[in-house]
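Coordinates in review
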Number of protein chains: 2
Amino acid sequence: MAEGGDGAGGSGEDRFIARFLRPIAGSSAALGLLDDAALLTPPEGCDLVLTKDAVVAGVHFFADDPPASIARKALRVNLSDLAAKGADPLGALLALALPKGTPDAWMEAFAAALGEDTERYLCPILGGDTVSIPGPVTITLTALGSVPKGAFVPRTGARPGQAILVTGTIGDAALGLRLRQDGKAAAFAGLSDEQRGHLLDRYLHPQPRLAIAPVLRRYAKSAMDVSDGLAGDVAKMLAASGCGGRIEARRVPVSAAAAEAIAADAGLFRTAITGGDDYEVVACVPHALVHVFTAEAARVGVPVTLIGETREQPGLDVTDAGGHPLDLGAGSFSHF
Amino acid sequence: MAEGGDGAGGSGEDRFIARFLRPIAGSSAALGLLDDAALLTPPEGCDLVLTKDAVVAGVHFFADDPPASIARKALRVNLSDLAAKGADPLGALLALALPKGTPDAWMEAFAAALGEDTERYLCPILGGDTVSIPGPVTITLTALGSVPKGAFVPRTGARPGQAILVTGTIGDAALGLRLRQDGKAAAFAGLSDEQRGHLLDRYLHPQPRLAIAPVLRRYAKSAMDVSDGLAGDVAKMLAASGCGGRIEARRVPVSAAAAEAIAADAGLFRTAITGGDDYEVVACVPHALVHVFTAEAARVGVPVTLIGETREQPGLDVTDAGGHPLDLGAGSFSHF
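Residues numbered from 1 in each chain as written. Chains lettered and ligands numbered in written order. Predicted model: local features only at pLDDT ≥ 70, side-chain atom pairs only at ≥ 80, totals over all residues. Heavy atoms only, no water.

Time to look at the overall build of chain A. Looking only at helices and strands, chain A has 10 helices and 11 strands in total. Among the 336 residues that make up chain A, the fraction classed as buried is 61%. Within chain A, contacts between residues at least 6 apart in sequence are counted, and of these 86% link residues at least 24 apart. Accessible surface for chain A amounts to roughly 11900 Å². Of this, 53% is attributable to carbon and sulfur atoms. (Helix = DSSP H or I, 4+ residues; strand = E, 2+ residues; numbered from the N terminus. Buried < 20%, exposed > 50% of the residue type's maximum accessible area, 1.4 Å probe, protein only. Contact = heavy atoms within 4.5 Å. Areas by Shrake-Rupley, 256 points an atom, 1.4 Å probe, with all protein chains shown as cover.)

In total, this model carries four aromatic pairs over all chains according to the counting rule given. A centroid spacing of 5.2 Å and a plane angle of 15° characterise the contact between Trp106 of chain A and Phe110 of chain A, whose relative ring orientation is stacked. Of the two residues, Trp106 of chain A and Phe110 of chain A both sit in helix H3 (residues 104-120), four residues apart, roughly one turn of that helix. One exposure class covers both Trp106 of chain A and Phe110 of chain A, and it is buried. Plain terms: the ring middles of Phe62 of chain B and Tyr203 of chain B are 6.3 Å apart, the flat faces sit at 70° to each other, and that makes the pair edge-to-face. Within this pair, whereas Phe62 of chain B is found in the loop between strand E2 (46-56) and helix H2 (67-84), its partner Tyr203 of chain B is found in helix H5 (residues 193-204), the two being separated by 141 residues in sequence. An identical accessibility class is assigned to Phe62 of chain B and Tyr203 of chain B; each is buried. Over the face of the ring belonging to Tyr203 of chain A we find Lys73 of chain A, whose NZ or CZ atom lies 3.9 Å from the ring centre. (Phe/Tyr/Trp six-rings, centres within 6.5 Å; stacked < 30°, edge-to-face > 60°. Lys NZ or Arg CZ within 6 Å of the ring centre and 35° of its normal.)

This brings us to the relation of the copies chain A and chain B. When chain A is fitted onto chain B, the two copies agree to an RMSD of 0.0 Å after a turn of 180° and an axial shift of 0.0 Å. On this basis, the relationship between the two copies can be described by a two-fold rotation axis. In terms of proximity to the rotation axis, the leading residue of chain A is Gly135 of chain A, whose C-alpha is 2.4 Å off the axis. Most of the interface of chain A is mirrored in chain B: 100% of its interface residues are interface residues there too. (Least-squares fit on C-alpha atoms with pLDDT ≥ 70 in both.)

Its 12 residues give helix H7 (residues 230-241) of chain B an end-to-end C-alpha distance of 16 Å, which sits within 8% of 16 Å, the value for a rise of 1.5 Å per residue. Two residues or fewer after H7 of chain B comes Gly242 of chain B, characterised by a positive phi angle close to 80°. (Expected span 1.5 Å × (residues − 1).)

Attention shifts here to the pattern of salt bridges. Residues and elements named next belong to chain A. Applying the stated criterion to the full structure yields 39 salt bridges over all chains. In this structure, Glu116 and Arg72 form a salt bridge, with 2.9 Å as the shortest nitrogen-oxygen distance. One end of the pair, Glu116, is in helix H3; the other, Arg72, is in helix H2 (residues 67-84), and 44 residues separate them in sequence. Residue Glu116 is classed as partly exposed on the basis of its relative accessible area, which comes to 45%. Since its relative accessible area comes to 14%, Arg72 is described here as buried. Here Asp117 and Arg76 are joined by a salt bridge, their closest N and O atoms 2.7 Å apart. Pair noted here: Asp117 is in helix H3 and Arg76 is in helix H2, with a separation of 41 residues, a long-range link. As far as burial versus exposure is concerned, Asp117 and Arg76 are alike and both buried. Residues joined in a network through salt bridges with shared partners are Arg72, Arg76, Glu116, Asp117 and Arg120. (Salt bridge = Lys/Arg side-chain N within 4 Å of Asp/Glu carboxyl O.)

This next bit is on the confidence of the model for chain A. Predicted coordinates in areas of low pLDDT are best not read in detail. All names here are of chain A. Across chain A, the average pLDDT comes to 90, with 90% of residues at or above 70. Counting contacts from residues 1-10, a segment whose pLDDT is below 50, to residues more than four positions away or on other chains yields 37 contacts. Contacts for the low-pLDDT stretch residues 330-336, under 50 throughout, to residues beyond four places or in other chains number 12 contacts. (pLDDT = per-residue confidence, 0-100.)

All names here are of chain A. According to UniProt, the positions carrying the feature "binding site: substrate" (unreviewed entry) are His60, Asp277 and Phe333. Considering the arrangement of structural elements, one finds Asp277 in the loop between helix H9 (268-274) and strand E9 (280-286). Exposure remark for Asp277: the relative accessible area of 5% places this residue in the buried category. (UniProt positions renumbered as here; feature names shortened; annotations may be inferred.)

As a further point, take the side chain of Ser255 of chain B. Residue and element names in this part refer to chain B. On the secondary structure map, Ser255 appears in the loop between strand E8 (244-248) and helix H8 (256-264). Exposure remark for Ser255: the relative accessible area of 9% places this residue in the buried category. A polar side-chain atom of Ser255 sits 3.1 Å from the main-chain amide nitrogen of Ala258. Setting aside anything within four residues of it in sequence, one finds Ser255 in contact with Thr169, Asp172, His198 and Leu199. (Polar contact = N/O pair within 3.5 Å; in protein donor to acceptor, adjacent residues only side chain to side chain.)

In this section: the interface of chain A and chain B. On the side of chain B, 76 residues touch chain A, which itself brings 76 residues to the contact. Note on chain A versus chain B: buried area summed over both sides is about 5900 Å², and carbon and sulfur give 58% of it. Among the ionic pairs, Asp35 of chain B bridges to Lys85 of chain A, the shortest N-O distance being 2.6 Å. On inspection of chain A and its partner chain B, the count reaches 20 residue pairs in polar contact (both at pLDDT 80 or more). For the side of chain A that touches chain B, the secondary-structure elements that each account for two or more residues are helix H1 (10-21), strand E1 (38-40), strand E2 (46-56), strand E3 (88-98), strand E4 (125-132), strand E5 (138-148), helix H4 (172-181) and strand E7 (222-226) of chain A. (Buried area = accessible area lost by both parts, 1.4 Å probe.)

Dropping the structure here:
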């Protein structure tokens, strides 16, 4: 244990911040990372939305993933939470726990990618902490966003008889992870290189749906980001809202690559809707508003698909074309 | 690597949050920890102050420290940053990375102590994340505070000719750590059990100086919390402010226990002013305001001591009674 509290060393930490992080801390709120704290004047008439996700090497990403990809994922999983709540990013705080001996080149690539992403998503790094860890790289990001007062989109606002819609396509990331773990599996044999690349990229580089935030604020009664698997996350949202629902399996949007893999191995459909890491948004919208919601989402470049409906009876069914609940494997669905 | 992203497991994490964290999430902003994000309406006319500190087992605390102490330290080191900036706490987000198999009893004790502290310091847990880590317990806390618009106390506001003052006593925690590591050292032989207890407790349980926040807002031009050692932190603050200064060694306030140890081993003075973990506040105040600053600090129960003065010439000297810079050991002071 290092005397003085910080294993990274006082002045060592300062140099580290100066070299790698100060150049990407663009906002005046960050005070040049020269202070102990960031100072932020919240936009007038707004509520703040706060989210915090930690990612750990060997758990949420592979330790040998490119540092640029790790940086992007650490930021984007938080931005995905903001997007689903209808919030626009204000900034983020970064805590970086690094093993001793992490190469400068690793940090350079990490910081450069984080800098690019903070510009792309208008989410400057406001401050944070860097410490050493006798363990895996651990990155904790706290993202702050704003919504006009009262416009926060909760997880608890679904009511029976609403449409359930989801952005983008589901299952690419989970199949990308499967492909990475077992690239020789027969299910993937028919995929083109481009299709393989698509699945792998979707696992590595989530695309937070920030563009849809203002549309959610206007039309969605309930929303959350899909990070732990579509079926489980929808079940969670409906339970939190005090209702239940049904998803029609054939309506769940999948990419051409995912469709190819599922056609070769039908069991991968379960992987697709339970696997997680989608970072899409699922929302409940009154039926009368589905048309305008879909049109306005399209206008900001986000495809949305109607996949089911809420109901009074608790629980979530994923149904086949005949309306019968699919048996998606005992145990794994016990928490629905 | 767990499919689905989160090594703690989706529903496992939910149960964990429900059992241990929901009971201590008292604020309506936390939305019962049932949402992906917290919602906070910032107080009107206020700026936000944001700080984030990570603590790692084996680096910032001993892995076998009582979980209650670990929880308190994780929160309080962040509150100390808020206090030094003149901010009142609004709430905190917690990211908890725990090794698999962490006993329920550990979590219960951790959550109970955190719950007590969040009530004591009016700093509710608003949200966060729990993940598993194939490594040491790692706790990241982001604390939010508020200051009246424009009242943030920066690190950069010191100017030549101001008084340097510090709260409480310096060195207890560093000596407590030393005592813990080498309890049989001759320097500690003359200490009473009560004195030993004092030093050990100061290392384990920082006392954030939140009471002085409004006084700092009114009178301090520059301030920071003392976490990495008084000498280094003052040097940092003055460098960030573009000036230098002098601390008189004999004025640095020490407890009776620390004085006893330093009397037995004069070298421990260096430990006291460079060791860190004090979580006191050092501030620069115009001379004309020192009296009223000291009186108002006393009124809120915080003793402050004048320890030196700022100057134009860069750098920091720690001087003996004759005004000569102390030789505090080559190398260790190179970054002043």
